[in-house]
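Here is how the chains run, residue by residue.
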Amino acid sequence: MTITLIEESFATHTDGLSVLETKQIRPITGIVEIEDLTSSSDGMSDLEVTSEELNDEELQYTSGSIPKLQFRKDTSKARWNAEMGMAKVIEKNGKMWITIGIVRRGKLYCTIEETLFLAEIGAHHLLDVGDTTLFLKDLYEKVAEGKSGCCWETFKVYRHLKSLGYIVGRYGVPWTMKSNNGCNSALQGTTKTSAVSDIYLPNSKFRKSPPGDPSFMLYVTRAYPPSRNEIEELERKCNGIPLKFSHVDHG
Amino acid sequence: MGPRWKGKDSEARALAEPMSEIVQQLQSCLIHSKTRGLLLGCSVLLGAGADCMDLLIRACFGQPIITAEKDKQWFELSLEESFYLFHSLRCLEIAGEDKRLKNEDEIWQYIISKKPAFPYFYKAYSHLRDKNWVVRSGFQYGVDFVAYHYHPALVHSEYAILVLSEGSDDVNGRLNVWSDLKCMVRLCGSVVKTLLVLRINRSDGYLAVSPLCLEKCNVEEYTITRWNPEQCREEKTINKRTGVCRMVSRACNNNAKMRVGDVKYQEEIAQDNGQRHNADPEEEKEKLEKLKF
């Protein structure tokens, strides 16, 4: 087994995410494969890396330079359900719903990470049970509570990939479910924290039914790189779909 | 190696507005606005008004989160940054998931549960911040921190920092083999930084159960650089000539426009070196004092 280290370039600011991928060892050469997905290469010749360093350091913001998000006129509306740990969409506007939200009995729900992502970009207005508006502060507090199946690190990975156009779903949570059977258990599964996600490449023709196999699966690691046993166990669960590991740095 | 400023005016701007003053203004602003942070995983989030936002950016604490919210700017701070504002500067309150403000011990216990080696990293972080260095994560370079002489928008970072602890329970497991040392020195050379090791030594009575343990350890600093005997044989002209030779040969290998016989380029280098040597000694001394740990 070889481990391939892939450095991602960051769209907005340095979240400090890096992604590892496992691949089968090549029978002929047995060489560890190093893949570079970014334009700023990691192959360190003395003068070249100075420009890479510039790219990294230029992402520091100065006062007044924080980018503003584009104003959205198509905002949706959703109501948070604390028991389910999800928001039920009341008014659906915009094309983002092709790749966000799960459908149960004809109704659209979104997970905490989807809800928070949409709230951060101003794409939907979130209400509480009593129709009071929920702000970002309230959503961050819900993530901190840890009862909605997503921790802060997992959300950061979600936000980073969604911002780049990837389609992200929770492992083991179907995009649609028409029958009533198993519906409740599927929704209950959303309150347990899972570190694994199904990731699809950006695709304007994505359909929730059927979505097809994900392009790869992603596991958000904790403080240490995954052990060989962990990698093998996860690969078994993936059933042949490529697996990547991500690590979130803080600061 | 001194600070590498970005642009002509950067150094003057830094001297006109020292980092210590900006941090002091930030401290007052946060106290006045009673800003509180929220513990979230291994980060602390805080929503800042316009005044504090400006100072947080200028003092380089946290990363702004880009959101559509208009009246507040959200920042994500590392555990070291937020604990520095809370514990050393006493200007930030921190709440947990229950929305209740946490006291110092509760915050400490939370942080230790997430990051057991936190006392060492925090000691190193606060040690540098107290001396007005801007300290950021060094993750991209495979080190613990990078240190800037001033705001990263105006200057490149000078030091890549590794935090080591004494004894067999070294928290980081770094620099224990030559290959790691070689790797780090080569990397630092390539990104024009000096490898700085901060060794945290514990004295008697050290227990990680409370922040008081921070007073029971001290910091030992040393840099690791590569010495190339080929380039240091002539003592007299060591700065001028070898500096020129090294830079010209590098330019020669990597840039087709520069040639060894390029007189104009050589003159520019010599002038630049001359400037360093002809600088006002008092001014230089002052600068060196500021750079010292």
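Residues numbered from 1 in each chain as written. Chains lettered and ligands numbered in written order. Predicted model: local features only at pLDDT ≥ 70, side-chain atom pairs only at ≥ 80, totals over all residues. Heavy atoms only, no water.

Undergrad: Just checking my understanding: could you explain the overall build of chain B for this structure?
TA: Scanning chain B for helices and strands turns up ten helices and ten strands. Here chain B holds 293 residues, and 49% of them are scored as buried. Considering only intrachain contacts with a sequence separation of at least 6, the fraction spanning at least 24 residues in chain B is 59%. Carbon and sulfur atoms make up 50% of the accessible area of chain B, which amounts to about 15400 Å² in all. (Helix = DSSP H or I, 4+ residues; strand = E, 2+ residues; numbered from the N terminus. Buried < 20%, exposed > 50% of the residue type's maximum accessible area, 1.4 Å probe, protein only. Contact = heavy atoms within 4.5 Å. Areas by Shrake-Rupley, 256 points an atom, 1.4 Å probe, with all protein chains shown as cover.)

Undergrad: Can you help me understand the overall build of chain A in this one?
TA: From N to C terminus, chain A includes six helices and 13 strands. Here chain A holds 251 residues, and 47% of them are scored as buried. Residue pairs at least 24 apart in sequence account for 63% of intrachain contacts in chain A once pairs closer than 6 positions are excluded. With the model as given, the accessible surface of chain A reaches about 13100 Å², and the carbon-plus-sulfur share is 51%.

Undergrad: It is not clear to me how the pattern of salt bridges should be interpreted in this structure. Could you clarify?
TA: Following the criterion strictly, the structure yields 16 salt bridges over all chains and no others. As a salt-bridge pair, Glu-104 of chain B and Arg-90 of chain B come within 3.3 Å of each other at their nearest N and O atoms. Placement of Glu-104 of chain B in helix α5 (residues 104-114) and of Arg-90 of chain B in the loop between α4 (79-88) and β5 (93-95) is noted, with a sequence separation of 14 residues between them. For Glu-104 of chain B, a relative accessible area of 24% gives the class partly exposed. The exposed category is assigned to Arg-90 of chain B, whose relative accessible area is 53%. Overlapping salt bridges bring together Lys-137 and Glu-141 of chain A together with Lys-99 of chain B as one network. (Salt bridge = Lys/Arg side-chain N within 4 Å of Asp/Glu carboxyl O.)

Undergrad: Would you mind showing me how to read the confidence of the model for chain B here?
TA: Residues and elements named next belong to chain B. On average, chain B scores 81 in pLDDT, and the residues at 70 or more come to 78%. pLDDT under 50 marks residues 237-279. Its contacts with residues more than four places away, or in other chains, come to 27 contacts. For the stretch residues 287-293, pLDDT sits under 50, and the model shows twelve contacts to residues farther than four places along the chain or on other chains. (pLDDT = per-residue confidence, 0-100.)

Undergrad: Sorry if this is basic, but what is going on with the sheet that holds strand β8 (residues 159-165) of chain B here?
TA: Within a sheet, each strand pairs with its neighbour through backbone hydrogen bonds, oriented either parallel or antiparallel. All names here are of chain B. Taken in spatial order, the five strands make up an open sheet running β6-β7-β8-β9-β10, and their pairing is mixed. The open sheet is flanked by β6 (134-137) and β10 (217-224), the only strands paired with a single partner. Ignoring which end each strand starts from, the neighbouring axes of this sheet average 30 degrees apart. Of the pairings in the sheet, the one linking strand β7 (residues 145-148) to β8 comprises three bridges and is antiparallel in character. Counted as the bridge partner of Ala-147 is Tyr-159 from β8. Seen against the sheet, helix α6 (residues 118-129) touches β6, β7, β8, β9 (194-202) and β10 and runs at an angle of roughly 120 degrees to β9. (Pairing = 2+ DSSP bridges. Axes fitted to C-alpha atoms, helices over the stretch in contact; angles between N-to-C directions.)

Undergrad: Sorry if this is basic, but what is going on with the packing of aromatic side chains here?
TA: In this description, an aromatic ring pair is defined by two values, namely the gap between the centres and the angle between the planes. All names here are of chain B. Under the definition given, this model contains 20 aromatic pairs over all chains. Between the aromatic rings of Phe-83 and Phe-118, the centroid separation amounts to 5.8 Å while the plane-to-plane angle is 85 degrees, which identifies the pairing as edge-to-face. Of this pair, Phe-83 sits in helix α4 while Phe-118 sits in helix α6, placing them 35 residues apart in sequence. When sorted by exposure, Phe-83 lands in the same class as Phe-118, which is buried. Judged by centre distance (5.8 Å) and plane angle (70 degrees), the ring pair of Trp-108 and Phe-118 falls under edge-to-face. Note that Trp-108 is positioned in helix α5 and Phe-118 in helix α6, a separation of ten residues in sequence. For Trp-108, a relative accessible area of 0% corresponds to the buried category. Since its relative accessible area comes to 0%, Phe-118 is described here as buried. By the ring-pair criterion, three or more aromatic residues cluster together here, those being Phe-61, Tyr-84, Phe-121, Tyr-125 and Phe-145. (Phe/Tyr/Trp six-rings, centres within 6.5 Å; stacked < 30°, edge-to-face > 60°.)

Undergrad: Sorry if this is basic, but what is going on with the sheet that holds strand β3 (residues 76-81) of chain A here?
TA: Residues and elements named next belong to chain A. Read from one edge of the open sheet, seven strands run β8-β7-β3-β4-β6-β5-β10, paired in mixed fashion. The open sheet has two edge strands with one neighbour each: β8 (133-134) and β10 (176-177). Examined bridge by bridge, β3 and strand β4 (residues 86-91) share five bridges and lie antiparallel to one another. Its bridge partner lying in β4, Arg-79 is registered against Lys-88.

Undergrad: So what exactly am I meant to see when it comes to the UniProt feature "domain: tRNA intron endonuclease N-terminal" (unreviewed entry) in chain B here?
TA: Here, the residues flagged by UniProt with the feature "domain: tRNA intron endonuclease N-terminal" (unreviewed entry) are residues 36-107 of chain B. A helix fraction of 32% and a strand fraction of 32% characterise residues 36-107 of chain B, whose end C-alpha atoms lie 13 Å from each other. (UniProt positions renumbered as here; feature names shortened; annotations may be inferred.)

Undergrad: What exactly am I supposed to notice about the nonpolar core here?
TA: Taken as a class, soluble globular proteins show a tendency for nonpolar side chains to be buried jointly. Counting residues in hydrophobic clusters, the biggest one holds 82 residues, and the most contacted among them are Phe-61, Phe-83, Leu-85 and Ile-161 of chain B. With seven residues, the top contributor of residues to this core is α6 of chain B. Membership of the second largest hydrophobic core comes to 41 residues, among which are Ala-87, Ile-121 and Leu-161 of chain A together with Trp-74 of chain B. (Core = buried A, V, L, I, M, F, W, Y, C linked by side-chain atoms within 4.5 Å.)

Undergrad: Can you help me understand α6 of chain B in this one?
TA: It helps to recall that an α-helix has 3.6 residues per turn; residues three or four apart then point in one direction. All names here are of chain B. With twelve residues, α6 should cover 16 Å at 1.5 Å per step; its first-to-last C-alpha distance of 16 Å lies within 8% of that length. Most of α6 sits inside the fold, with twelve of its twelve residues counted as buried. Among all positions of α6, only Phe-118, Pro-119, Tyr-120, Phe-121, Tyr-122, Lys-123, Ala-124, Tyr-125, Ser-126, His-127, Leu-128 and Arg-129 are buried. (Expected span 1.5 Å × (residues − 1).)

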